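A closer look at the structure
Listed here are the chains, written in short residue letters.
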Amino acid sequence: MTHTARAFWLRVPGEGEIRETEVPGPAAGEVLVRALYSGVSRGTETLVFRGGVPGSQYAAMRAPYQEGDFPGPVKYGYLSVGTVEEGPEELAGRTVFCLYPHQTRYVVPASAVTVVPDGVPAERAVLAGTVETAVNALWDASPLIGDRIAVVGGGMVGCSVAALLGRFPGVRVQLVDADPARAAVAQALGVDFALPADALGECDLVVHASATEQGLARSLELLAPEGTVIELSWYGDRRVSLPLGEAFHSRRLTVRSSQVGTVSPAGRPGRTYADRLALALDLLADPALDALVTGECAFEELPGVLPRLASGELGGLCHRVRYAS
């Protein structure tokens, strides 16, 4: 049986639309998912919406179920939560997370969905992709008990990293952001907050997620000798300069990238993306993470909302999209 669905497409940079599409019935080993919620990844999706993906990164930036090509028309997104309407008995009726764009119904292999634990509301599960990125960042960073840590950049990823670090024993964690409004989010997550000029220094580890040149420079300033910056920001087609003179070498500082899509074999041998995502969903049982969802709209409103998110007119962190039942 073929189903009719609606999907959000970026028609050209800066302009989106909802299109009707046909979804075939699931074959053996596949599931039909009816979307309940999806999340807008502010950093990546607004970059895509503005047409800011550099040509050299078109292949690397493809989402798992993307249709079309950059800069557009393209169907993009990867934070979908829904109910399995048809599929294997063990998945039928279950709430699942999938790396799928904004679409009302879709068919994917059963292996492409992850069951949302009973203790995690579907509304919160849209954060799974962001928390999974934070898990990978901490596997790369390998924080130690007693570390002095700053997270520079209080966006979705930075706040997720800070929330997880706040559970480590004996660490000093401070979320650093230029927006004073992030103080309330930090408080909800149980970590300290500071504006960049007031941040505590002598850090063993700084996780940088502001995607700004100034934030990366400040991250280096906050390090203790032999300290490390874990760079989580992705700058798209922008160039950044970095102060590697002065005391950078004498203090033996390190800047290390964290690869979002790949688990480092040296850091966590044998751990897969599925392991990482399942862990992220388990961690979402914490209601404090609701503080990361700061806006919501109906799916039909998305063509008008995404330009406002991309321009910064709508602030906040994760924007959740709600689908009609």
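Reading the values: the criteria
Residues numbered from 1 in each chain as written. Predicted model: local features only at pLDDT ≥ 70, side-chain atom pairs only at ≥ 80, totals over all residues. Heavy atoms only, no water. Helix = DSSP H or I, 4+ residues; strand = E, 2+ residues; numbered from the N terminus. Phe/Tyr/Trp six-rings, centres within 6.5 Å; stacked < 30°, edge-to-face > 60°. Buried < 20%, exposed > 50% of the residue type's maximum accessible area, 1.4 Å probe, protein only. Lys NZ or Arg CZ within 6 Å of the ring centre and 35° of its normal. Core = buried A, V, L, I, M, F, W, Y, C linked by side-chain atoms within 4.5 Å. Contact = heavy atoms within 4.5 Å. Pairing = 2+ DSSP bridges. Axes fitted to C-alpha atoms, helices over the stretch in contact; angles between N-to-C directions.

By the secondary structure assignment, Pro121 is in the loop between strand S9 (113–115) and helix H2 (122–125). Distance in space between the C-alpha atoms of Pro121 and Leu189 is 18 Å, their sequence separation being 68 residues.

With that settled, the discussion passes to the packing of aromatic side chains. Here the structure, examined in full by the defined rule, presents six aromatic pairs. When the centroid spacing of 4.0 Å and the interplanar angle of 5° are considered together, the rings of Tyr100 and Tyr106 count as stacked. Given a relative accessible area of 7%, Tyr100 falls into the buried group. A relative accessible area of 0% means that Tyr106 is categorised as buried. Seen from their ring centres, Phe299 and Tyr323 are 5.0 Å apart, and the 25° between their planes marks the pair as stacked. Taken together, the positions of Phe299 in the loop between strand S16 (293–298) and helix H8 (302–311) and Tyr323 in the segment after strand S17 (318–322) put the pair 24 residues apart, joining distant regions of the chain. The exposure class of Tyr323 is buried, given its relative accessible area of 8%. Through successive ring pairs, a cluster of aromatic residues spans Tyr58, Phe70, Tyr76 and Tyr78. Above the ring of Tyr37, the side-chain terminus of Arg320 is found at 5.7 Å from the ring centroid.

Here Ala27 is to be found in the loop between strand S2 (15–23) and strand S3 (30–40). Each C-alpha atom of the pair Ala27 and Pro109 lies 8.8 Å from the other, and the pair is 82 residues apart in sequence.

Time to look at unusual backbone geometry. Between Phe70 and Pro71 the backbone carries a cis peptide bond, its omega angle lying at 0°. Looking at where Pro71 falls in the secondary structure, it is placed in the loop between strand S4 (67–68) and strand S5 (74–75). In the Ramachandran plot, Glu202 falls in the positive-phi region, its phi being about 55° despite a non-glycine side chain. What makes Glu202 partly exposed here is its relative accessible area of 43%. The backbone of Arg252 shows a phi angle near 55°, a positive value even though the residue is not glycine. Examined against the element boundaries, Arg252 turns out to sit in the loop between strand S14 (223–231) and strand S15 (254–257).

Time to look at the nonpolar core. Core analysis: the biggest nonpolar cluster contains 74 residues, and Phe97, Leu127 and Val161 have the highest contact counts within it. If one sorts the elements of this core by residue count, helix H3 (residues 128–141) sits on top with eight residues. Each residue touching Leu127, except ones within four places of it in the same chain, is listed here: Met156, Leu284, Leu289, Leu292, Val293 and Cys318. If you look at the next biggest cluster of nonpolar residues, it comprises 15 residues, including Val176, Val206, Val229 and Leu253.

The strand order across the open sheet formed by six strands is S12-S11-S10-S13-S14-S15, and the pairing between neighbours is parallel. Looking at which strands have only one partner, the edges of the open sheet turn out to be strand S12 (192–194) and S15. Between one strand axis and the next, the sheet turns by 25° as a mean value, whatever way the strands run. The pairing of S14 with S15 spans four bridges and is parallel. When the sheet's bridge partners are listed, Ile230 is paired in S15 with Arg256. Across the sheet, helix H6 (residues 213–221) is in contact with strand S10 (148–152), strand S13 (203–208), S14 and S15; its angle to S14 comes to roughly 150°.

Read these as spatial facts, not as claims about activity.
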